[in-house]
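Observations on the model geometry
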Amino acid sequence: MQTIGKCLRSSSALLTERLSLTLREAMVESEILLQNAIGKNRTYLSTWPEKILNTAQQDFFQKILQRRLNGEPIAHIIGTKDFWDFTLKVTKATLIPRSDTELIVETALQISEKQQITKILDMGTGSGAIAIALARKLTKAEIHASDNSSKALEVAKQNGTVLADNKIVFYESDWFKEITETGFDIILSNPPYISTYDKDISPEVACHEPKTALFSTDNGLSDIKKIAAEAAGFLNHDGWLLLEHGYRQAEDVAKIMSVSGFTEITTALDIQGHQRVTYGKKK
Ligand SMILES: C[S@@+](CC[C@H](N)C(=O)[O-])C[C@H]1O[C@@H](n2cnc3c(N)ncnc32)[C@H](O)[C@@H]1O
C-alpha cells in the first residue's frame, strides 16, 4: 500500500540517486509530480501523508516519475512552468523559461520608470514569457511579439489569451523580416546564444529543448548580430535594445551594439552575479 508520505520518500531517494539532485530538489520535484498525478496541492500532501493512493494514481505517478528519471524536464512532464507571477503552458516546441530571464523584464520595467514606453517588441518570444510579463505590468503599452517557430507561436498565443487578455500582437517572422510595424520604444530578446561548440550544456537541456531556441553559430553570437544590425531601424528616436546573453558574452554583445548604432550601453547582472543582459539606447 502506497501512502503519500511513502511515495514522496521513495521517489525522492530515486531522484537523488539517479539525477544527482540534492535531497531538497528531489523532494520538491517529487511533490510536483505527485500533485500532478493526484490533482491535489502541496498543502494536501503535507496534511495527509498517511492517505493511501488508489491504483490509478499509483500507476500514473510511476509513469511520470519514470519519465523524469529518464531525464525529461519536469516542465515538459507537467506541461507548465512558473515565470514572473504567472504559470505558462510549455511544450517541446518552446524553450522552458528560466528565472534568469526575469532580469530582462526587470530591466525593461526600470527603463519604463524613467521614460514613457508605449510600444514594445519581444523577439523570439517562445512561450510568450517576456511579452506576457510586460503586458501584465505595462497595461497601457502596445506589446508585439515574434518567433520563427509556428509551433512555439501557437503556445505563446494560447498563453497570451489566458494570461494577457489577448492584447499581444504576434508575428511569425525570421527576426525582422515580417515585422510590419516600426516606432518601438523597446525591442528586447532572449535569442539563441549558446555556441554550437559548447560542450558544457547538460543532456537534459540539449536532448529535450528545441535546438533552434538554444544554439547559434559564430560562437553563439550570430542571432544577436542579426537583431542588433536591424533593431535601430525599428526603434523610436530614443528607443532601447535589450539582449539577454551568455554570462561570458557581455563584452562581445556590447561591441556589437556599439557598432550597430547604440549608446549608453550597460550590462545588468543576474541573481548569481553573472553578466546576463546588455542594453543600449539608439544613437
Ligand atoms: C532562448 S529562446 C527564448 C524563448 C523565450 N523568449 C524565453 O525567454 O523563454 C529563443 C527563441 O528564439 C526563437 N528563434 C530562433 N531563431 C529565430 C529567428 N531566426 N527568428 C525569430 N525567432 C527565432 C526560437 O524559436 C525561440 O523561441
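Check the entry above for the structure.
Figured I'd write up the structure that's included with this text.

Quick notes on the rules
- Residues numbered from 1 in each chain as written.
- Predicted model: local features only at pLDDT ≥ 70, side-chain atom pairs only at ≥ 80, totals over all residues.
- Core = buried A, V, L, I, M, F, W, Y, C linked by C-beta atoms within 7 Å.
- Buried ≥ 20, exposed ≤ 12 C-beta atoms within 10 Å, placed from the backbone.
- Helix = DSSP H or I, 4+ residues; strand = E, 2+ residues; numbered from the N terminus.
- Contact = placed C-beta atoms within 7 Å.
- Axes fitted to C-alpha atoms, helices over the stretch in contact; angles between N-to-C directions.
- Parallel < 35°, antiparallel > 145°, perpendicular 65-115°, else oblique.
- Left-handed = near helix turned anticlockwise from the far one by under 90°.
- Nonpolar A, V, L, I, M, F, W, Y, C, P; charged D, E, K, R; others polar.
- Near = placed C-beta within 6 Å.

**As for the nonpolar core**
Among the nonpolar cores identified, the biggest contains 55 residues, and Leu134, Ile186, Ile187, Leu241 and Leu242 are the most heavily contacted of them. In terms of residue count, helix α7 (residues 129-137) provides more of this core than any other element does, seven residues in total. Residues in contact with isoleucine 187, not counting those within four places in the same chain, are Leu121, Met123, Ala231, Phe234, Leu235 and Leu241. Within the second largest apolar cluster, eight residues are counted, among which are Ile4, Cys7, Leu33 and Ile38.

**With respect to the packing of helix α1 (residues 4-19) against helix α4 (residues 55-69)**
Think of two packed helices as two axes; the pair is described by the angle between the axes and how far apart they sit. Across the interface, α1 lies against α4 with an axial gap of 10 Å and an inter-helix angle of 15°. Taken together, α1 and α4 sit at an angle that is classed as roughly parallel. Regarding α1 and α4, the two cross each other, and that crossing is right-handed. On α4, the residues touching Cys7, Ser11, Leu14, Leu15 and Arg18 of α1 are Phe61, Leu65, Arg68 and Leu69. Its residues placed into classes, the contact of α1 with α4 shows six nonpolar, one polar and two charged.

**Section: the site of the ligand**
Around the ligand sit 22 residues in total, of which Gly124, Gly126, Asn148, Asn190 and Ala213 are the nearest. Mapped by element, the contributors of at least two residues to the shell around the ligand are α7, β4 (142-147) and α10 (211-214). Of the residues that constitute the shell around the ligand, the class distribution is nine nonpolar, 10 polar and three charged.

**Structural notes on the environment of glutamate 142**
Secondary-structure assignment places glutamate 142 in strand β4. In this structure the C-alpha to C-alpha distance between glutamate 142 and isoleucine 120, which are 22 residues apart in sequence, comes to 6.3 Å. Excluding anything up to four places from it in sequence, glutamate 142 contacts Thr118 and Lys119.

**Things to note about the environment of alanine 228**
Topologically, alanine 228 is positioned in helix α11 (residues 222-231). Alanine 228 sits 28 residues away from isoleucine 256 along the chain, and the two C-alpha atoms are 7.0 Å apart. Residues within four places of alanine 228 in sequence aside, it is in contact with Leu241, Ile256, Met257 and Ser260.

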